[in-house]
Amino acid sequence: MNILHLIGGNWIRRPLTQRFPDREPPPAEYRGHVTNDAAACVACGICTQVCVSAAIELRPAESSCAWVYDPARCTFCGFCVQYCPVDALRQVSDRGAWAHSPHEQTDTTVIDYPPCAECGKPAMPYSENLVSTAYGERTEELRRRARLCEHCRRQVTAEVMRKTFSVMSDAGRSEGRSHGR
Ligand code: SF4
Ligand code: SF4
């Protein structure tokens, strides 16, 4: 081909590349932006621990916890999705808004703390699946304790231990009496 034809053709043709920030939409199966389901998240912080890019931060407050995601830091490795114990995270095909630098475009999901089943003060979120994974069996007692705030749970545990020790020492005393006869 004549070099002049080549130059002329390139001159007439529209550019194949796009000017930033225009871009082609990603394919449906693209694993990009991480989203959090506030109803499922229990604010455990595992995602912050496994993210090597420090793209996720938890900011706990008195009655809620902010889950803050920084897409400019995210490498879309999917570790956080894989390790979330309650399946609260998803990677969507959206790449999210572009940002020049970290902290410019953060996404915040607020996880509200439910009221304690005993005193009504804010307690850590509860997950049926997490309790059954941790303890195998979900007894009513376990469910009840999982819905308590830290203070009430400590009190209930202390009461259970006090009753257990009292039963054990009663058993020890009666055994001692039977040996003494
Ligand atoms: S998204 Fe999952 S891993 Fe991260 S804090 Fe919530 S429950 Fe924990
Ligand atoms: S996908 Fe990877 S880099 Fe992005 S927030 Fe999750 S763990 Fe961090």
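What you see is a predicted model; the values in this text were computed from it and never measured. (Residues numbered from 1 in each chain as written. Chains lettered and ligands numbered in written order. Predicted model: local features only at pLDDT ≥ 70, side-chain atom pairs only at ≥ 80, totals over all residues.)

1. Some remarks on the overall build of the protein
Stated precisely, the cut-off is as follows: Secondary structure is summarised from DSSP: a helix means a run of H or I of at least four residues, a strand means a run of E of at least two, and numbering begins at the N terminus for each. What the globule rule says is 2.2 Å times the number of residues to the power 0.38, and the radius of gyration is computed from C-alpha atoms. Exposed residues have 12 or fewer other C-beta atoms within 10 Å of their own C-beta, buried residues have 20 or more, and partly exposed residues fall in between, where C-beta atoms are placed from the backbone. We call two residues in contact if the C-beta atoms placed from their backbones are at most 7 Å apart.
Within the protein, the secondary structure is distributed over six helices and five strands. In terms of C-alpha radius of gyration, the protein reaches 28 Å, well past the compact-globule figure of 16 Å for 181 residues. The C-alpha extent of the protein, read off along each of the three principal axes, is 120 × 35 × 25 Å. When burial is assessed residue by residue, the protein has 13% of its 181 residues classed as buried. Within the protein, contacts between residues at least 6 apart in sequence are counted, and of these 68% link residues at least 24 apart.

2. Focus: the site of ligand 1
To keep things clear, this is the line we draw: Using the backbone to place each C-beta atom, any residue with that atom within 6 Å of a molecule or strand is considered near it. Residues are grouped as follows: nonpolar covers Ala, Val, Leu, Ile, Met, Phe, Trp, Tyr, Cys and Pro; charged covers Asp, Glu, Lys and Arg; every other residue, Gly included, is treated as polar.
In the vicinity of ligand 1, the residues found are N36, C41, V42, A43, C44, G45, I46, C47, C84, V86, A88 and L89. A per-class count over the shell around ligand 1 returns 10 nonpolar, two polar and no charged.

3. Observations regarding the nonpolar core
Operational definition: Any nonpolar core is a set of buried residues, restricted to Ala, Val, Leu, Ile, Met, Phe, Trp, Tyr and Cys, that join up through C-beta atoms within 7 Å.
Ranked by size, the top nonpolar core spans 15 residues in total, and within it C47, I56, W67, C80 and L89 carry the most contacts. If we ignore the near neighbours within four places in the chain, the residues touching I56 are C47, T48, C51, W67, Y69 and C80.

4. Some details on the domain arrangement of the protein
Rule in force here: Residue ranges assigned to the domains are those given by an automatic or database domain assignment.
Segmentation of the protein into domains returns domain 1 (24–112) and domain 2 (113–173). Relative to domain 2, the C-alpha centre of domain 1 lies at a distance of 31 Å. Counting from both sides, the interface comprises 10 residues of domain 1 and, opposite them, eight residues of domain 2. When grouped by side-chain class, the residues that make up the side of domain 1 that touches domain 2 number six nonpolar, two polar and two charged.

5. Focus on the environment of G96
For G96, the location among the structural elements is in the loop between β4 (89–91) and β5 (107–112). Residue classification places G96 among the partly exposed residues on the basis of 16 C-beta atoms within 10 Å. The sequence separation of G96 and G32 amounts to 64 residues, and the corresponding C-alpha distance is 7.9 Å. Residues contacting G96, with those up to four places away along its chain left out, are G32, H33 and P71.

6. Comments concerning the confidence of the model for the protein
Should the pLDDT be low somewhere, the predicted coordinates at that spot are not to be read in detail. Under the convention used in this document: Per residue, pLDDT measures the predictor's confidence, with a range of 0 to 100.
Summing up the model confidence of the protein, the mean pLDDT is 89 and the portion of residues at 70 or higher is 97%. For the protein, the element scoring lowest by mean pLDDT is helix α4 (residues 128–135), at 79; helix α2 (residues 46–50) scores highest, at 98.

7. Describing the pairing of strand β2 (residues 56–60)
Stated formally: A pair of strands is considered paired only if DSSP assigns at least 2 bridges between the two.
The sheet contact formed by β2 and strand β3 (residues 64–69) spans five bridges and is antiparallel. Bridged to E57 within β3 is V68. The turn linking β2 back onto β3 is made up of three residues.

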